[in-house]
Amino acid sequence: MKNDNKLSLWERYLTKEIGIEFKACLYFFAILFFYCVYRVVNGIYSAEILHLTEMIFTCYIIGYIQVYLFANFDEADRLGGREIAGMIVCTALYCLVSFFGNWFDKGLLATAIFAAYLLFAYVCVFFIYRSKRRIDDKQLNEELRLFQTQHKKVHDDGK
């Protein structure tokens, strides 16, 4: 007999894929923002389509790396060695692609600032996910308390 309370292999896979999709969009937006600010500061008011394409593909690839090689480090319960290593490796990959893709005119200073920006973004996302989990836990505990209260009342009324 199948246990409907357990997640199937397909549901676990789908959950990870949705998470990767969300990460790709989130980090693409953050990178795009930095890229646009860089361009405007340098007097350029248009974006290179090739750069945008490289950015979104890179975000997806690094999303898979985050989830499958570094155990979803930005959604971890704490920032330990593995999580910090994941942040550094993924930041380095983004910087390599940005440098060789010429997103910031191969400027070392711009690439270093981009690296700091990405590390800051990873830390912010970590705290956002942690806060979200705490809020969700509170909400679920409140819903459980309400359910138990209602169930107890129905059970007591039935005696």
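See above for the structure.
Just so you know, these numbers come straight off a predicted model, no measurement behind them. (Residues numbered from 1 in each chain as written. Predicted model: local features only at pLDDT ≥ 70, side-chain atom pairs only at ≥ 80, totals over all residues. Heavy atoms only, no water.)

Asks: Would you take a moment to explain the overall build of the chain for this structure?
Replies: Across its full length, the chain holds four helices and zero strands. Scaling as 2.2 N^0.38, a compact globule of 159 residues should have a C-alpha radius of gyration of about 15 Å, whereas the chain reaches 21 Å, well beyond that. Along the first, second and third principal axes, the C-alpha atoms of the chain reach 75 × 35 × 35 Å. Considering only contacts within the chain whose residues lie at least 6 apart along the sequence, 69% involve residues at least 24 apart. For the chain, the computed accessible surface area is about 10900 Å², with 68% contributed by carbon and sulfur atoms. Charged side chains of the chain number 18 positive and 17 negative; the gap between the two group centres comes to 6 Å. (Helix = DSSP H or I, 4+ residues; strand = E, 2+ residues; numbered from the N terminus. Rg over C-alpha atoms; globule rule 2.2 N^0.38 Å. Contact = heavy atoms within 4.5 Å. Areas by Shrake-Rupley, 256 points an atom, 1.4 Å probe, with all protein chains shown as cover. Lys, Arg positive; Asp, Glu negative; His and termini not counted. Charge placed at Lys NZ, Arg CZ, Asp CG, Glu CD.)

Asks: Before we go on, may I ask you to explain the environment of R133 in this structure?
Replies: For R133, the position within the fold is in helix α4 (residues 108-157). Along the backbone, R133 and I84 are 49 residues apart, and their C-alpha atoms lie at a distance of 20 Å. Residue contacts for R133: discarding those within four places in its chain leaves E75, A76 and D77. A distance of 3.4 Å separates a polar atom in the side chain of R133 from a polar atom in the side chain of D77. (Polar contact = N/O pair within 3.5 Å; in protein donor to acceptor, adjacent residues only side chain to side chain.)

Asks: Is there a simple way to explain the pattern of salt bridges in this structure?
Replies: Pairing between side chains becomes possible if they bear opposite charge and their charged atoms approach one another. The full count for this structure, using the stated rule, is six salt bridges. Here E48 ties to R39 by a salt bridge, and the two come within 3.9 Å at their closest N and O atoms. Two residues, D136 and K132, come together in a salt bridge whose shortest N-O distance is 2.9 Å. With D136 and K132 both in helix α4 and four residues apart, this pair spans about one turn of that helix. (Salt bridge = Lys/Arg side-chain N within 4 Å of Asp/Glu carboxyl O.)

Asks: Help me out: how do you make sense of the packing of aromatic side chains in this one?
Replies: How two aromatic rings sit relative to each other is set out by the distance from centre to centre and by the angle between their planes. Summed over the entire model, instances satisfying the criterion amount to 15 aromatic pairs. Consider the rings of F99 and F100, whose centres lie 5.4 Å apart with planes at 90 degrees: the pair is edge-to-face. Between F104 and F114, the ring centres sit 4.9 Å apart and the planes meet at 50 degrees, which makes this aromatic pair tilted. Of this pair, F104 sits in the loop between α3 (81-100) and α4 while F114 sits in helix α4, placing them ten residues apart in sequence. Taken together, the ring pairs connect F34, Y35, Y38, W103, F104, F114 and Y117 into an aromatic cluster. In this structure, K106 is placed above the aromatic ring of F99, and the distance from its NZ or CZ to the ring centre is 5.8 Å. (Phe/Tyr/Trp six-rings, centres within 6.5 Å; stacked < 30°, edge-to-face > 60°. Lys NZ or Arg CZ within 6 Å of the ring centre and 35° of its normal.)

Asks: Got a minute to help me understand the nonpolar core in this structure?
Replies: Taken as a class, soluble globular proteins show a tendency for nonpolar side chains to be buried jointly. Counting residues in hydrophobic clusters, the biggest one holds 28 residues, and the most contacted among them are I31, C59, Y94, W103, F104, F114 and Y122. Listing elements by their share of this core, those giving two or more residues are α1 (9-41), α2 (49-69), α3 and α4. Sorting elements by how many residues they give to this core places α4 first, with eight residues. Excluding residues that lie within four positions of it along the chain, W103 makes contacts with I31, Y35, Y38, H51, E54, M55, T58, Y94, V97, S98 and F114. (Core = buried A, V, L, I, M, F, W, Y, C linked by side-chain atoms within 4.5 Å. Buried < 20%, exposed > 50% of the residue type's maximum accessible area, 1.4 Å probe, protein only.)

Asks: Help me understand unusual backbone geometry, please; the structure alone is not making it clear to me.
Replies: The bulk of non-glycine residues show a negative phi, and the bulk of peptide bonds are trans. Located in the positive-phi region is A71, a residue other than glycine, with phi close to 50 degrees. Inspection of the secondary structure assignment puts A71 in the loop between α2 and α3. Residue classification places A71 among the partly exposed residues on the basis of a relative accessible area of 48%. For N72, which is not glycine, the phi torsion reads 60 degrees and is therefore positive. One can find N72 in the loop between α2 and α3.

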